[in-house]
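Per-entry structural report
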Amino acid sequence: MFADRARIFIKSGKGGDGHVSFRRELYVPDGGPDGGNGGKGGDIIFEVDKGLNTLGDFRHNSKYIAKSGEEGGKRRCTGRDGEDLVIKVPEGTVIYDDESRKVIADMSNDNLREVILKGGRGGKGNMNYATSTMQAPQYAQPGQDAQELWVRLELKVIADVGLVGFPNVGKSTLLSRVTNARPKIANYHFTTLNPNLGVVDLDGGRGFVIADIPGLIEGASEGVGLGHEFLRHIERTKVIIHMVDAASTEGRDPVADIKAINEELRAYNPELLKRPQVIAANKIDAIYTDDETENPVDVIKKAFEPEGIKVYPISAVTGQGLKELLYYVRELLDSMTDEPVMFEKELDTDTLFDNPNEAFYVEKDDKGVYVVSGPRIDRMLGYTNLESEKGFNFFQKFLRQTGILKQLKELGVQEGDTVRVGDYLEFDYYD
Ligand SMILES: Nc1nc2c(ncn2[C@@H]2O[C@H](COP(=O)(O)OP(=O)(O)OP(=O)(O)O)[C@@H](O)[C@H]2O)c(=O)[nH]1
Ligand SMILES: [Mg+2]
């Protein structure tokens, strides 16, 4: 079944707990602590599968949970890491946070694989906690919590050109005529129920992809007809072919139709109206005029060419005028950047799991080391990969936003002083 939207629950794996145990060997009295570390929980990873073209599978399964890390063992055994869960989606899938509706990731172009939720860090076993004063630590660190989130997936197909217009104006006929696609064509409204994609091959010019979507009608942006549901499929397109029945075979007024559809585009997303548009005045083979009536193509031209929108008279059935239309579309595409249209990340999931109510402490120990610790710090370290540039930037921002930097300064930190964050991370302080 074709589906271009889904709402699913995702959860990473919890970190395995650290273990508490002591060495017990024959002839070795008072063995030291040897409880191993817990394993890391599995990540939730989204990956593009170019063979997929629908989100239909998500209709059957809406919960995706990665494996937890295993508990550490005796004899310094580290628990096994939980397996990552890789969720395959079609190219062009945009992932939104369900609650805020912010974009988490756009799985298209170069972004073919992204970790969306990180598994919890494994807890440290008690082998890590022996000190000169504490020979038999009974404490091991618990594994870090999993992250969980409801997300919305929306497939926004990847096409250069979008084809819009009222039902029955001949959109699918054009697609079938100029591309390899074979969409359903019939003389009734809403023949097309799902978007169709087709590739145009042009002699002497680069080809491009056209998306044909179900017909729009007045009030579509409020849900009339098939609604504006399918407009998401032209959000990535760079040029819009606006098709109209110039012959008024159903008695409609082409100029009023074009205005009505543009109004729906604006209501859905004002950006759509900023895209270059070309009007395809279709069904010219069926236009009958006498001396009294003006040719409807001229009427359309008078109405829209002063606004800079070109009008191409065509017949999708006979093929008349198609070449000129397609070469003009190619020209428009060539005048624009090659940059693919992508949806920018608006929400870093890491920030969702930073809980400002959790405690943290900033203090100076007796050796002059500045120590930053507490549950909020442990949590942050668990989801931040300091080895990546992105993670490191996040870490710096975290230090600033939480007020940790300010507190360090108040305690008198100087350039070159040692700062320890959590149990293990140490660095020299530089402003
Ligand atoms: N005379 C004439 N008829 C056409 C032309 N183009 C399409 N038609 C007819 O118009 C009817 C509708 O064509 P479709 O291509 O299914 O229209 P559509 O815009 O995709 O319609 P929806 O999918 O319902 O929105 C069919 O009967 C076509 O044969 C044309 O250039 N001339
Ligand atoms: Mg159609």
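Residues numbered from 1 in each chain as written. Chains lettered and ligands numbered in written order. Predicted model: local features only at pLDDT ≥ 70, side-chain atom pairs only at ≥ 80, totals over all residues. Heavy atoms only, no water.

1. With respect to the site of ligand 1
Near ligand 1 you find 22 residues, and of these Lys171, Thr173, Phe190, Thr192 and Asp285 are the closest. One of the backbone N or O atoms of Val169 is found 3.2 Å from an oxygen atom in ligand 1. A total of 650 Å² of accessible area belongs to ligand 1 in isolation, and the protein chains cover 88% of it. Here the shell around ligand 1 takes three residues from helix H1 (residues 171-178), the largest share from any one element. Class assignment of the residues belonging to the shell around ligand 1 gives a composition of eight nonpolar, 11 polar and three charged. (Near = heavy atom within 4 Å. Polar contact = N/O pair within 3.5 Å; in protein donor to acceptor, adjacent residues only side chain to side chain. Areas by Shrake-Rupley, 256 points an atom, 1.4 Å probe, with all protein chains shown as cover. Helix = DSSP H or I, 4+ residues; strand = E, 2+ residues; numbered from the N terminus. Nonpolar A, V, L, I, M, F, W, Y, C, P; charged D, E, K, R; others polar.)

2. Describing empty space enclosed by the protein
Remark: the empty space left among the atoms is shown by a probe the size of a water molecule rolled over them. All chains considered together, the criterion is met by one cavity of 30 Å³ or more. Looking at the lining of the largest cavity residue by residue, the classes come out as three nonpolar, four polar and four charged. (1 Å grid on protein atoms, 1.4 Å probe; cavity = no way out; pocket = protein on both sides within 12 Å on 5 of 7 lines; lining within 4 Å. Points joined across faces, edges and corners; volume = space filled by probe spheres on them.)

3. Brief notes about the UniProt feature "domain: OCT" (unreviewed entry) in the protein
The UniProt feature table records "domain: OCT" (unreviewed entry) at residues 352-431. With 38% helix and 20% strand, the stretch residues 352-431 has end C-alpha atoms that lie 27 Å from each other. (UniProt positions renumbered as here; feature names shortened; annotations may be inferred.)

4. Details of helix H7 (residues 389-401)
If you check H7, its first and last C-alpha atoms are 18 Å apart, about what 13 residues at 1.5 Å a residue would give, namely 18 Å. Of all the residues in H7, the buried ones are Gly391, Phe394, Phe395, Phe398 and Leu399. For H7, the arc enclosing every buried residue in end-on projection is 140°, short of the 170-degree limit, so these residues lie on one face. Turned more than 90 degrees off the buried face of H7, the exposed positions are Glu389, Arg400 and Gln401. Taken together, the buried residues of H7 touch helix H5 (349-352), helix H6 (375-383), helix H8 (404-410), strand S17 (418-421) and strand S18 (425-428). Once H7 finishes, Gly403 follows within two positions and takes phi at roughly 85°, a positive value. (Expected span 1.5 Å × (residues − 1). Buried < 20%, exposed > 50% of the residue type's maximum accessible area, 1.4 Å probe, protein only. Arc of directions from axis to C-beta. Contact = heavy atoms within 4.5 Å.)

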